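So you can see what is in the structure, the chains are spelled out below.
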Amino acid sequence: MHVSHLSLADFRSYARVEVPLDPGVTAFVGPNGQGKTNLVEAVGYLATLGSHRVSSDAPLVRMGAQRAIIRAAVVQGDRQQLIELELNPGKANRARINRSSQVRPRDVLGIVRTVLFAPEDLALVKGDPGERRRFLDELITARSPRMAGVRADYDRVLKQRNTLLKTAALARRHGGRRLDLSTLDVWDQHLARAGAELLAQRLDLIAALQPLADKAYEQLAPGGGPLALEYRGSAGEAMAAAATREELYGALLAALGEARKQEIERGVTLVGPHRDDLVLKLGQLPAKGYASHGESWSYALALRLASYDLLRSESPIGPEGPSTGDGGGRRAGEPVLVLDDVFAELDARRRERLAELVAPGEQVLVTAAVADDVPKMLAGARYAVSGGKVEKAAP
């Protein structure tokens, strides 16, 4: 699978740009601040419905414009699909597939899959738990696009439950009448049901990712491991002992019951996947706080390489319906590799090793401020990016 054409309108710094793409390596080279990352960010958005740089859509719309358009032609074998996303900050985004009637944006998920390496990846190791939860959830959605719906359901129920808890907490603090909290039982069940599915997918992913991450780290930093990925759940020991979705559901429901008094006092949900963490260990110690800068970089890169190897080895079936174009299941192809200004952050040894590992990818998109930052083994098409223009460079 590869993206054969990218078209942007009022996206970031681009009023309009058309970029034809081929399989193999394509490098976007130009000074910082000229829009290189904006191009690969758009490709990543098609895969995840989000940006690796910002948490909302508003910064993605060019200043003065009302909306932004991302359109891409995607080739998979002898089949081509055209997908389009319209970003409307403050309103519902829109999507089209093969110029058909509008579909839900999440129906686009699975057509394009990406694995993105970026300087922000260091936060996977050194950052807050939210960074690692996002890493897990984006990857489980890439493996199984239907999980976008589960995640949306969980977030919706969590928001409703938090609103009820906050109202109860404020009433208690100000001596108001006690609220009827009987509906909390219903919200607990909904939260535990969606949460159990999310937990099951995360735990399955970690089990699949562990050996691949350990192998990738050994390739990047021989003799520096081993790695260990440990899931730390807010539901405690009961969750750790659960082996099925029903057992996870029961563990979450019980933990919510035990935490209810404290939750009412604090006005927030304290149990669930939104409070969990992925603990990254290097040897016997947690990488966060103990790993050096170079070790942290190698760890983050190992997680991305493991993600790529996992997605490449699997052929998940996408959701049925308008997104398939023929009413059947959609078989995902090899993900697009995106390396956004990564090589400038690495020493020479890691730079060459990473290039060697990603070079065989079906499609590799690279950004760099200086042409010499792109390793020679990643030779391919080059685009010069400057002043809002993207022009193909001479070989």
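Below is a summary of the structure that appears in this document. What you are looking at is a predicted structure, and each value in this text was computed from that prediction instead of being measured. (Residues numbered from 1 in each chain as written. Predicted model: local features only at pLDDT ≥ 70, side-chain atom pairs only at ≥ 80, totals over all residues. Heavy atoms only, no water.)

## Digging into the environment of L256
Inference 1: You can see L256 is positioned in helix α7 (residues 245-266).
Inference 2: Note on L256: relative accessible area 1%, which makes it buried. (Helix = DSSP H or I, 4+ residues; strand = E, 2+ residues; numbered from the N terminus. Buried < 20%, exposed > 50% of the residue type's maximum accessible area, 1.4 Å probe, protein only.)

## Thoughts on the sheet that holds strand β11 (residues 336-340)
Inference 1: A sheet is described by the order of its strands in space; here six strands give the open sequence β7-β11-β12-β3-β13-β14, paired in mixed fashion. Each edge of the sheet is formed by a strand with only one pairing partner; in this case those strands are β7 (114-117) and β14 (389-392). On average, each strand axis in the sheet is inclined to that of its neighbour by 20°, with strand direction left out of account.
Inference 2: As paired strands, strand β3 (residues 24-29) and strand β12 (residues 363-368) are joined by six bridges and run parallel to one another. Residue pairing across strands places G24 opposite Q363, the latter belonging to β12.
Inference 3: Contacts from helix α8 (residues 293-313) reach β7 and β11, with the element oriented near 165° to β7. (Pairing = 2+ DSSP bridges. Axes fitted to C-alpha atoms, helices over the stretch in contact; angles between N-to-C directions. Contact = heavy atoms within 4.5 Å.)

## As for helix α5 (residues 183-220)
Inference 1: Taking 1.5 Å of rise per residue, the 38 residues of α5 would be expected to cover 56 Å, and the 52 Å separating its terminal C-alpha atoms lies within 8% of that figure.
Inference 2: Of all the bends found along α5, the most pronounced is centred on L209 and spans about 35°, while P211, a proline, follows it within four residues. (Expected span 1.5 Å × (residues − 1). Bend = angle between axes of the 7 residues up to and from the residue.)

## A word on the packing of α5 against α8
Inference 1: Between α5 and α8, whose axes approach to 7 Å, the crossing angle comes to 125°. The angle between the axes of α5 and α8 places the two elements in the oblique class. In terms of crossing hand, the pair formed by α5 and α8 is right-handed. Here α5 contributes L205, A208, L209, L212, A213, A216, Y217 and L220 to the contact with α8, which in turn contributes E295, S298, Y299, L301, A302, L303, L305, A306, S307, D309 and L310. (Parallel < 35°, antiparallel > 145°, perpendicular 65-115°, else oblique. Left-handed = near helix turned anticlockwise from the far one by under 90°.)

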